[in-house]
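What the coordinates show
Listed below, chain by chain, are the residues.
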2 protein chains.
Amino acid sequence: MSDTTINTEIYDANGYNCWLGYHLLENSPLKEEYSKWASNIVASQEDIGTALSELKRGFKEILGVNASVSSRGAEQSSYIALGVLGRGKEIDSYVKYDEVVKIGSEGYIIKSTKTNNGEEIVVAGTTIKGLLYGVFGLLRLLQTETVIEGILKIENPVNMLRIINHWDNIDGSIERGYAGKSIFFENNKITQDLGRIRDYARLLCSVGINSIVINNVNVHKYESMLITDRYLKDVAKLALIFGEYGIKLYLSVNFASTIEIGGLTTADPLDAEVSKWWEEKAEEIYSVIPDFGGFLIKADSEFRPGPFTYGRTHADGANMLAEALEPYGGLVIWRCFVYNCMQDWRDLTTDRARAAYDNFMPLDGLFKDNVLLQIKNGPMDFQVREPVSPLFGGLQKTNQLLELQVTQEYTGQQKHLCYLVPMWKEILDFDTMAQGKDTSVKKIITGSVFNNKLGGMAAVTNIGSDLNWTGHQMAQSNTYGYARLCWNPDLSAEQITDEWVRMTYSNNEKVVSTVKEMLMGSWRTYENYTSPLGIGWMVNPNHHYGPNVDGYEYDKWGTYHRADHKGIGVDRTVRNGTGYAGQYHKDVAEIYENLEKCPEELLLFFHHVPYDYRLKSGETLLQYIYNTHFKGAVEVEELISKWKSLKGLVGEEIFRHVLERLEGQLEHSKEWRDVINTYFYRKTGIPDEAGRKIY
Amino acid sequence: MSDTTINTEIYDANGYNCWLGYHLLENSPLKEEYSKWASNIVASQEDIGTALSELKRGFKEILGVNASVSSRGAEQSSYIALGVLGRGKEIDSYVKYDEVVKIGSEGYIIKSTKTNNGEEIVVAGTTIKGLLYGVFGLLRLLQTETVIEGILKIENPVNMLRIINHWDNIDGSIERGYAGKSIFFENNKITQDLGRIRDYARLLCSVGINSIVINNVNVHKYESMLITDRYLKDVAKLALIFGEYGIKLYLSVNFASTIEIGGLTTADPLDAEVSKWWEEKAEEIYSVIPDFGGFLIKADSEFRPGPFTYGRTHADGANMLAEALEPYGGLVIWRCFVYNCMQDWRDLTTDRARAAYDNFMPLDGLFKDNVLLQIKNGPMDFQVREPVSPLFGGLQKTNQLLELQVTQEYTGQQKHLCYLVPMWKEILDFDTMAQGKDTSVKKIITGSVFNNKLGGMAAVTNIGSDLNWTGHQMAQSNTYGYARLCWNPDLSAEQITDEWVRMTYSNNEKVVSTVKEMLMGSWRTYENYTSPLGIGWMVNPNHHYGPNVDGYEYDKWGTYHRADHKGIGVDRTVRNGTGYAGQYHKDVAEIYENLEKCPEELLLFFHHVPYDYRLKSGETLLQYIYNTHFKGAVEVEELISKWKSLKGLVGEEIFRHVLERLEGQLEHSKEWRDVINTYFYRKTGIPDEAGRKIY
């Protein structure tokens, strides 16, 4: 809870504590079992204060227990022991060697052992960070009413880097933010409300996030100065708080910093003065923030400066920065979102979908070891449905990060319920076939497939200053789900959802099953009433909210649907189209290339298809569009009745808030339905077979 | 020239002086004749300093003559006498009684009389303002190389109110401004650059403008305070300068001022406290600005407050303010731009075009004598082509102002050349048939048709802080033309254009004929490549620049084209449509109602027409759309070659600047052409008969 909190009840009622809202277990049969050992905490190590206080807070709020803390466990009947392995027998004697070797630097063990007098629960890591994850892992078990007796649980995060990207501007605005203002910045200053930052850090730590980039990838005038003494000391204060929760702080930097703030006349990465400037800058930064994570860079993209200006490559640019950071263990994260944003819509040969691959494949193997390429999940820009970027499976000799978008820029902007975990699962599970069957994206980004040194996931956050952090309170589930998938992409969407509902709302089975149903179907529902079959866009330009079929059709952004009165879709085949399909491994390419084999949900992404084409369901393409759009709006009505059935079972304020959002979503889903259906009806003159109202 | 001017050459080269750029008559045969009498000015009246100094400046710059000034003419051979009538024989003895009675309070006489020694030219008014107009009138004759010998010219402005509306915000921005920032405001302050204001005042005076509203009709927080002591003294400084040039200053006010700045809880016009507050406010304003013009109000429109909130009518609202201003001779100008801006596009019965008439006709006769209704020329919003508002000819017992838009919001935003005088001529000449044949708009607004006490014209200006005032230097012609039509709506477009070209560029016949051709055809050219046949809109939402056929089609603004694969247009007939056509006098309504009789340029405004409908030319509707769009772009090419033929005949900087704008216009006209043609081709599948490229 924030230092500046006045009324904690209002915070609780609005979901400020998210999945750490710790409901008291009142009627649970497990309460007694938990309370037995939870009443006595054994913790002798001096530097584990954060883990200990989190544990005590959890026990207090979940079990109503004020645990006593002692340094030795022997005299207790049942107790829980907390610590870092390798520091003494209170912990070490209960963990076996073959267990210890399985615990990585961020991993933890939760182990139950019967003792003479009762039961000992050990929670331990090989580092303080691992221990912290263990504590939150244990609390999650309690929150979800899991049986602990006899437990032996060893967990390690699957991904090395688990990153949150903020697109926060220093004036306090957030690019693509739908939950208020920045929690970091206000009026060109860094916030002094460090209580809220601490609350945020523990939320992120509780789900295993270990890296945060606090400012927008579009680095403007004042943001460029974040790495100067104007701001650096205040950045260090944030870094300290995040560090306490095992999270490294990164900054987005301006590639042209040498010019903007350095007084040089060039940003040429091969210029000796430029690299010297960055070396000195790195030294300065690390002298103030010793555990600084590194730089995130958007270069030569959407009018941002970059190495192209000097006839240099992205590798030249990234490596120059990487050399500056290398002595301190810092990383350079370089975004692959590079494309021609001044395209002529009349030009049918240029294809934005091709751009990332065309730009970066030739550079594979040329990047330094402490550089990672951050690759958006799809080739376009976070649409409700896209194929996976062919850079995954394409790049082999380069560290890779998968970039997702938690903030719902194109998926309802947190006014609509759209739970993205099922989409992310499909992306992570996508088989690139790069090394034969089962070369999934989730494997590639761990680095294990191609022996890359670094890897992981990053996502643009949906967090802002709203009391519930995410605008739509249910959108907290996307933050939670993203982090859990970073930790372990093999977790099923169902399991993650189950955890989140139980931790956030209640273990009441009706609540659990109803909310799970609502969340799990919501992405598909959103897709149903918006743009069909992978074609994307069809939104209002700039703000990207609401339907506008031709909104981007005659624009310069490379985002077209090419609908005429006979058909719709972009031919991206090698045979007749832009050739994009050929960027995939041949086994995948062959599927996308072929109209009959292409997954139908991506049909219009890869093919220009006549409206009378028959889908596998037997519907014509046009009738499918009509049907899904009518269906989508009906599904939102169902969401509302599901939610209404939970009245009295979830907090009153949350109930009211979510209902209000759902009702807005219903209105807007009808607007989508009617605009899309009318557009196609007017274009084709073909009526709906079921005779429903089209305008 | 502004007080802060450093380099007058740069000002001259960029057209800062507009039509008062006074080119030295070098090779003119008239120079000698002019110089004879222009060398001696007789001016004995004390308070005519502004007129005198303008005259001297003009003679100096046009003739190269430093005129000597004396108080008596008798001893001169030839001379010019300057003054207000009725103050002494130097003037009075040369003007006959039957001439004097023809000169109104703003009129003037220019009269040549042979004397014993040579020639006397009298320039006189019955007021100082009239005299000023006379001086600028005389200079115009010199600038355009008109023979003065034997002249007897009596001029009176036809319209009583000749108003410029600024949509300037106090932060310095201009709503729909395309020529830089406000010249009045900066950072919530009133400018201190009074030199520029003076330059502006004389420009306006030189073409007879007598009223100016300095702030935007959308009155926000700080603008609401313009009538408080925070700003009033600075407003008074502006009013003083304008007053010197015969221009009254008005302010747009917030209808809810009593709440915003008055500390009351209501703005109900029938509340005694509210009217008292306004009475006191009027007293305060007039104590600081004795010749204050009055208030302009946009109420109950596009989210602005108004009397509807209190269940009162526009008449209640306007009359309450009018009573407050009445003791001081102040006026209330009340805008009729009232419509439902939250329309559902699916609703086919509501029609924005009907709104002004529906709202204001029931109030005819209910407004006080010092209230005027300001009516936009068309029922929508300054589109490139609209029918004339049916309020003209409808309203009979109400003072009326015609509102035009000089700033090119929907007509190319001063990036495109679009000379609007021919359009305004059509509007002014439009025959409402309200009192039988020849009840034209221009007659109605003078008040003469229905014996209204007040009337005139108002226009949203295109003026900003750019060195050339209007962004596109040639757009100065629209300001000039608007003012000249205010003065005399019977002037032909050709004559106005002729004057402007000669005064601005040169009397060289090639320049005159070429630029006239360019200007006169440019409106039709713009119409050709943009939205066809009166349908309007088809622009990008919000900023209104560039093509977007469906940009407003599914929006809430009431601006639809209803195109499907068979036809396009809005049925506004009484028989089958929204009934809008029935708002006109029956003789006009009958024409619009009938598909065959409806003027083709308004066809799609009144009718939904199939693409294969044959126009009078024999073209199908669709082929007409294709043809005009190809033609429009070709015409822009012709504009360029015409302009290029003037190289060396106009100033180098102006030549370069206009050429650059024209080249941008050409690119953008092709974009328009291709988007519109592609849209219809994709919708219909019917190719261009001439086989030209459509995408």
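Residues numbered from 1 in each chain as written. Chains lettered and ligands numbered in written order. Predicted model: local features only at pLDDT ≥ 70, side-chain atom pairs only at ≥ 80, totals over all residues. Heavy atoms only, no water.

**Let's talk about the side chain of S669(A)**
On the secondary structure map, S669(A) appears in helix α23 (residues 652–684). Leave out the neighbours within four places in its chain, and S669(A) touches H416(A), Y529(A), A633(A) and V636(A). (Helix = DSSP H or I, 4+ residues; strand = E, 2+ residues; numbered from the N terminus. Contact = heavy atoms within 4.5 Å.)

**Quick notes on the relation of the copies chain A and chain B**
The two copies are related by a screw motion: chain A maps onto chain B through a turn of 180° and a shift of 0.0 Å along the axis, at an RMSD of 0.0 Å. Such values leave the two copies arranged in the relation of a two-fold axis. The C-alpha atom lying nearest the rotation axis in chain A is that of K683(A); the distance is 2.5 Å. The share of interface residues of chain A whose copies in chain B are also at the interface is 100%, consistent with both copies meeting through the same surface. (Least-squares fit on C-alpha atoms with pLDDT ≥ 70 in both.)

**Side note on the domain arrangement of chain A**
All names here are of chain A. Domain assignment breaks chain A into domain 1 (28–155), domain 2 (161–491) and domain 3 (492–570 + 608–694). For domain 1 and domain 3, the distance between their C-alpha centres works out to 45 Å. With 4 residues of domain 1 at the interface, the matching set in domain 3 holds 4 residues. For the pair domain 1 and domain 3, the two sides together bury roughly 430 Å², of which 57% comes from carbon and sulfur. Area buried by domain 1 at its contact with domain 3 is led by R140, Q143 and T144, which between them contribute 87% of it. Measuring nitrogen to oxygen at the nearest pair gives 4.0 Å for the salt bridge that ties R140 to E499. (Domains from an automatic or database assignment. Buried area = accessible area lost by both parts, 1.4 Å probe. Salt bridge = Lys/Arg side-chain N within 4 Å of Asp/Glu carboxyl O.)

**Some words on the UniProt feature "domain: Glycosyl hydrolase family 67 C-terminal" (unreviewed entry) in chain A**
Cross-referencing UniProt, the feature "domain: Glycosyl hydrolase family 67 C-terminal" (unreviewed entry) maps to residues 470–692 of chain A in the present numbering. This span, residues 470–692 of chain A, is 51% helix and 2% strand, and a straight line between its end C-alpha atoms measures 36 Å. (UniProt positions renumbered as here; feature names shortened; annotations may be inferred.)

**Here's the deal with the environment of R562(B)**
All names here are of chain B. Tracing the sequence through the fold places R562 in the loop between α19 (509–529) and β17 (567–568). Overall, the relative accessible area of 13% leaves R562 in the buried class. Expressed as a C-alpha distance, the spacing of R562 and N188, which sit 374 residues apart in the sequence, is 43 Å. Within the local environment of R562, its side chain forms a polar contact with the backbone oxygen of W345, the two atoms lying 2.8 Å apart. (Buried < 20%, exposed > 50% of the residue type's maximum accessible area, 1.4 Å probe, protein only. Polar contact = N/O pair within 3.5 Å; in protein donor to acceptor, adjacent residues only side chain to side chain.)

**Some words on the interface of chain A and chain B**
Facing the 21 residues of chain A at the interface are 21 residues of chain B. At the boundary of chain A with chain B, total buried surface from both sides reaches about 2100 Å², with 51% on carbon and sulfur atoms. When the area that chain A buries against chain B is broken down by residue, the three leading residues are R346(A), Y554(A) and R682(A), summing to 37%. Our count for the contact surface shared by chain A and chain B stands at 6 salt bridges. When the shortest N-O distance is used, the salt bridge between R346(A) and E671(B) registers 3.0 Å. At the boundary of chain A and chain B, one finds 14 residue pairs in polar contact (both at pLDDT 80 or more).

**Looking at the sheet that holds strand β7 (residues 161–165) of chain B**
Residue and element names in this part refer to chain B. Spatially, the 8 strands close up into a barrel ordered β7-β10-β11-β12-β13-β14-β15-β16, and their pairing is parallel. If you compare each strand with its neighbour and ignore which way they point, the axes differ by 25° on average. Relative to strand β10 (residues 211–213), β7 runs parallel, the two sharing 3 bridges. Across the sheet, N165 pairs through a bridge with V213, a residue of β10. The strands touched by helix α15 (residues 421–429) within the sheet are β15 (399–405) and β16 (455–460), with β15 carrying the most contacts at an inclination of about 160°. Each of β7, β15 and β16 touches helix α17 (residues 476–487); the most contacted strand, β16, lies at about 175° to it. (Pairing = 2+ DSSP bridges. Axes fitted to C-alpha atoms, helices over the stretch in contact; angles between N-to-C directions.)

**Quick notes on α17(B)**
Residue and element names in this part refer to chain B. The end-to-end C-alpha distance of α17, which contains 12 residues, comes to 17 Å, matching closely the 16 Å that a straight helix rising 1.5 Å per residue would cover. Buried residues dominate α17, accounting for 12 of its 12 residues. Of the positions making up α17, those classed as buried are Q476, S477, N478, T479, Y480, G481, Y482, A483, R484, L485, C486 and W487. (Expected span 1.5 Å × (residues − 1).)

**Overview of the UniProt feature "domain: Glycosyl hydrolase family 67 catalytic" (unreviewed entry) in chain A**
Within the UniProt annotation, "domain: Glycosyl hydrolase family 67 catalytic" (unreviewed entry) is assigned to residues 142–469 of chain A. Counting secondary structure, residues 142–469 of chain A comes out at 27% helix and 15% strand; the distance between its end C-alpha atoms is 24 Å.

**Some remarks on the confidence of the model for chain A**
Residues and elements named next belong to chain A. For chain A, per-residue confidence averages 96 on the pLDDT scale, and 99% of positions sit at 70 or higher. Note on residues 1–5: pLDDT is under 50 here. Beyond four places in sequence and across chains, it has 15 contacts. Reported confidences for the modelled complex are a pTM of 0.90 and an ipTM of 0.83. (pLDDT = per-residue confidence, 0-100.)

**Side note on the packing of helix α22 (residues 621–644) of chain A against α23(A)**
Residues and elements named next belong to chain A. At their nearest, the axes of α22 and α23 sit 9 Å apart, and the two run at 170° to each other. In terms of orientation, α22 and α23 fall into the roughly antiparallel class. Residues belonging to the contact of α22 with α23 are distributed by class as follows: 19 nonpolar, 5 polar and 5 charged. (Parallel < 35°, antiparallel > 145°, perpendicular 65-115°, else oblique. Nonpolar A, V, L, I, M, F, W, Y, C, P; charged D, E, K, R; others polar.)

**As for the environment of G329(B)**
Within the secondary structure layout, G329(B) lies in the loop between α12 (314–325) and β13 (331–335). On a C-alpha basis, the gap between G329(B) and S28(B) in space is 48 Å, while along the polypeptide they are 301 residues apart.

**Topic: the pattern of salt bridges**
Scanning the model with the defined rule gives 94 salt bridges over all chains in all. Of the charged contacts in the structure, one is a salt bridge between E667(B) and K670(B), with a shortest N-O distance of 4.0 Å. With E667(B) and K670(B) both in helix α23 (residues 652–684), this residue pair falls 3 residues apart, about one helical turn. On the basis of relative accessibility, which here comes to 47%, the residue E667(B) falls in the partly exposed class. Where R692(B) meets D688(B), a salt bridge forms, and the shortest distance between an N and an O atom there is 2.9 Å. On the basis of relative accessibility, which here comes to 32%, the residue R692(B) falls in the partly exposed class. Residue D688(B) is classed as buried on the basis of its relative accessible area of 7%. A single salt-bridge network, built from bridges that share partners, covers D344(A), R346(A), E671(B), R673(B) and D674(B).

**Looking at the nonpolar core**
Counting 224 residues, the largest nonpolar core has F59(B), W643(B) and F680(B) as its most contacted members. Per element, the largest residue contribution to this core is 11 residues, and it comes from α23(B). The contacts of W643(B), once residues within four sequence positions are left out, are M474(B), Y505(B), V515(B), M518(B), V650(B), I654(B), F655(B), V658(B), L659(B) and L662(B). Listed in part, the 223 residues of the second largest apolar core include I110(A), L131(A), F655(A) and F680(A). (Core = buried A, V, L, I, M, F, W, Y, C linked by side-chain atoms within 4.5 Å.)

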